[in-house]
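Descriptive structure summary
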2 protein chains.
Amino acid sequence: MYERFWQQVGDKATVVIPGWQSISYFSDIGNLCWFLEPEFAKQLLRLHKIVGNAVTEDRHIVVGTGSTQLFQAVLYALARPGVEEPISVVSAAPYYSSYPAITESLKSGLYKWEGDALSFSKEGQFIELVTSPNNPDGYVRDSVVNKSGGVLVHDFAYYWPQYTPITSPADYDIMLFTLSKTTGHAGMRIGWALVKDREIAKRMVKYIELNSIGVSKDSQLRAAKVFKVVSDSCESSRDTTESLFEFAYHLMVERWQNLRAAVKRSGMFSLPEFSPGLCKFTGRFFEPQPAFAWLKCEEPIEDCESFLRSNKILTRSGTHFGVGPQYVRISLLDRDDNIDLFVERLSNIRKDNLYQHMGE
Amino acid sequence: MYERFWQQVGDKATVVIPGWQSISYFSDIGNLCWFLEPEFAKQLLRLHKIVGNAVTEDRHIVVGTGSTQLFQAVLYALARPGVEEPISVVSAAPYYSSYPAITESLKSGLYKWEGDALSFSKEGQFIELVTSPNNPDGYVRDSVVNKSGGVLVHDFAYYWPQYTPITSPADYDIMLFTLSKTTGHAGMRIGWALVKDREIAKRMVKYIELNSIGVSKDSQLRAAKVFKVVSDSCESSRDTTESLFEFAYHLMVERWQNLRAAVKRSGMFSLPEFSPGLCKFTGRFFEPQPAFAWLKCEEPIEDCESFLRSNKILTRSGTHFGVGPQYVRISLLDRDDNIDLFVERLSNIRKDNLYQHMGE
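Think of each chain on its own: its residues are numbered from 1, step by step along the sequence as written. Each chain takes a letter, starting from A, and each ligand takes a number, starting from 1, following the order in which they are written. The predicted origin of the model limits local features to residues at a pLDDT of at least 70 and limits the giving and counting of side-chain atom pairs to 80 or more, whereas totals for whole chains, interfaces and linings rest on all residues. As a rule here, side-chain values cover all heavy atoms of the structure and leave hydrogens and water aside.

**Topic: the sheet that holds strand β13 (residues 316-317) of chain B**
Residues and elements named next belong to chain B. Formally: For two strands to pair, DSSP has to find at least two bridges joining them. The secondary structure listing takes helices from DSSP runs of H or I that are at least 4 residues long and strands from runs of E that are at least 2 residues long, numbered from the N terminus.
Across the sheet, which stays open at both edges, the four strands sit in the order β9-β12-β14-β13 with antiparallel pairing between neighbours. Two strands close off the open sheet at either side, each with one partner strand: β9 (269-270) and β13. Relative to strand β12 (residues 292-297), β9 is paired through two bridges, and the arrangement is antiparallel. Bridge pairing in β12 links F269 to C297.

Structural data, given as structure tokens:
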């Protein structure tokens, strides 16, 4: 989806790296995060200030190979190796499917996935992951576990003005962001964390040191460049399509309109409904238009993923996200053609087709 | 050390990446390693062919965020989650200090560090890490565990003709390589594995998917470019300083000569002695000249690291590598000035200084 924007931007966003540049492991020896490129740090602080989506004062920046690596760095940083019991990791369902997959992948003795935060009642220390707007369903979220001993980790991958109104700068202890959902550059594998506590930031850096001895400098330099272009465009022309956020906002408006129309036409599905809010960045009053469609198949369909697959629509079942198979998640950030095709196919699924389908 | 070479190469090694390029997560959907850039794969195969240091036929290529991430991918791929006991991980001492640090870092139930392969006698499955030439001591190595149930992982980070004679193409099941020790570009965080077994390669890819959803495309593109320059220079002028390997070889000759002279002058240290071998790549008969100096302090010095620190030389103690504190490891890939300073300081340490030092 973002490809077209960057094509239109042209040379301004091109990065040129000579063979002799950034050879060393180190980027900024004096910095707690010694592999953080100073120009990248500068540009991300500038962008947060312009958009107003996060408080950056008195925070340590930790760069990661995507926010995926940073999530693991957080688990490592918050675990207490001396303690017998692993720390519990929870998130309210539906939650991002990678959280359980990653947390459980190495059978770590440091941390343990305990599932839905809403039904969590175990004693002891815990980490609650709060994704807001949420992946997969797009709702703005707050923490839900109502007991002490918890540390909150906020995943703000989607807290950008193309997806949701920016109501106030997020101000939490550990906040994760990712380039892929900001500018579209998923292939760079760049994420960053804003961390209040120095010791936690240090342990996150230690994890990234152990896991990959730092983060690609080339991608950090390129990320700095695209951030610069985005910030420049916001400052010069906030309301034209020259701004990345405006470009993406309008595309998301259109996609959600088409999607909601298709769902209505079909009559067999439902989508989350959102309340509008005032976006302080744009001054616009609008409803969230998430990066994912969280689609529910209405009765009598029980397995939405396989039903849609039989209609040539590939989705991810709700079972991966801690809920039932009547839900699926569908990305809305694909190229125009693919989105159009998906919406068209969806709108052509009708009750009478269904009965044919079930009779087959 | 490599910076000067790349400065001399100039624009040929410059990479230019427009803003709209390589945005997606995917590089090569049809490939088992779906995040592998085809041009990077092509250039690394070409380089291996020219240098003759590895058999690449019938191998799957897995790219990683440095070989550090690939090492963890191997542990994940070889572990058997269904089995109660974690798989043992061993390496002959002195071994690369990151092996135990990484293996133990998450208290994984999948694998467990069991230390020196020479004294390993535990029952059950095991992984033996064979680094050749070895980090830290530079010796060419073979596996040492003499029992069944083991899988060998060969770390060939230093099997390049500037460090050691290329006697034959390495031909093992799992072989790891890293850009940082090949061309010097540590900041790119690029490594690659050549893997015979398809299932193992698939599980390694799965790990990298979980750990970082792929590997920076920008760095892969840049790595492809520097490999191309290196291969081109080898083909056109193998014996001039235009070739990276010739440049680095001569620098290593000089550094080892100066280092051995300093050690001799001081009389208080010793270095490993190597047998010369015929390098099939250059046709040259020479002794290994490793990337690290593995220095032993002679008696009465017991703690070589702190003794050298008091002489303003920063090193890493043998204790990190599974042996005693009379050893230290020192990198020989630093910039010229730092190496000169280190050698000068080392040569000025004399027995009489020592007695002063001990009397303080």
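**Considering the state of the cysteines**
Note on terminology: a disulfide is the covalent bond linking the sulfur atoms of two cysteines. All names here are of chain A. How we decide: Here, a disulfide means two cysteine sulfur atoms that sit within 2.5 Å of each other. Whether a residue is buried, partly exposed or exposed follows from its accessible area with a 1.4 Å probe, protein chains only, as a fraction of its type maximum: under 20%, in between, or over 50%, in that order.
Counting across every chain of the model gives two disulfides over all chains. Across the disulfide from C297 sits C304; the S-S distance is 2.2 Å. As the torsion about the S-S bond is roughly 60°, the C297-C304 disulfide counts as right-handed. The same class applies to C297 and to C304, which are both buried. Its sulfur unpaired, C279 is 11 Å from the next cysteine sulfur, which belongs to C234.

**Comments concerning the pairing of strand β14 (residues 327-331) of chain A**
Residues and elements named next belong to chain A. Pairing of strand β12 (residues 292-297) with β14 involves five bridges; the strand directions are antiparallel. The residue bridging W294 from the neighbouring strand is R329, located in β14. Here strand β13 (residues 316-317) runs beside β14; their pairing, made up of two bridges, is antiparallel. Bridging from a neighbouring strand, S317 pairs with V328 of β14.

**Digging into helix α8 (residues 244-266) of chain B**
A turn of α-helix holds 3.6 residues, and therefore any two residues three or four places apart point the same way. Heads up, the rule is: One fewer than the residue count of a helix, multiplied by 1.5 Å, yields its expected span. Nitrogen and oxygen atoms within 3.5 Å of one another constitute a polar contact, given that in protein one can donate a hydrogen and the other can accept it, and given that sequence-neighbouring residues count only through two side-chain atoms.
For α8 of chain B, which comprises 23 residues, the first-to-last C-alpha distance of 33 Å matches the rise-based estimate of 33 Å (1.5 Å per residue) to within 8%. Its side-chain oxygen at 3.2 Å from the backbone nitrogen of F245 of chain B, S243 of chain B defines the N-terminal cap of α8 of chain B.

**Examining the confidence of the model for chain A**
Our working rule: Scored between 0 and 100, pLDDT is the confidence that the predictor attaches to each residue.
Confidence in the prediction of chain A, expressed as mean pLDDT, is 94, and 96% of residues score 70 or more. Model confidence for the complex is summarised by a pTM of 0.96, with the ipTM given as 0.95.

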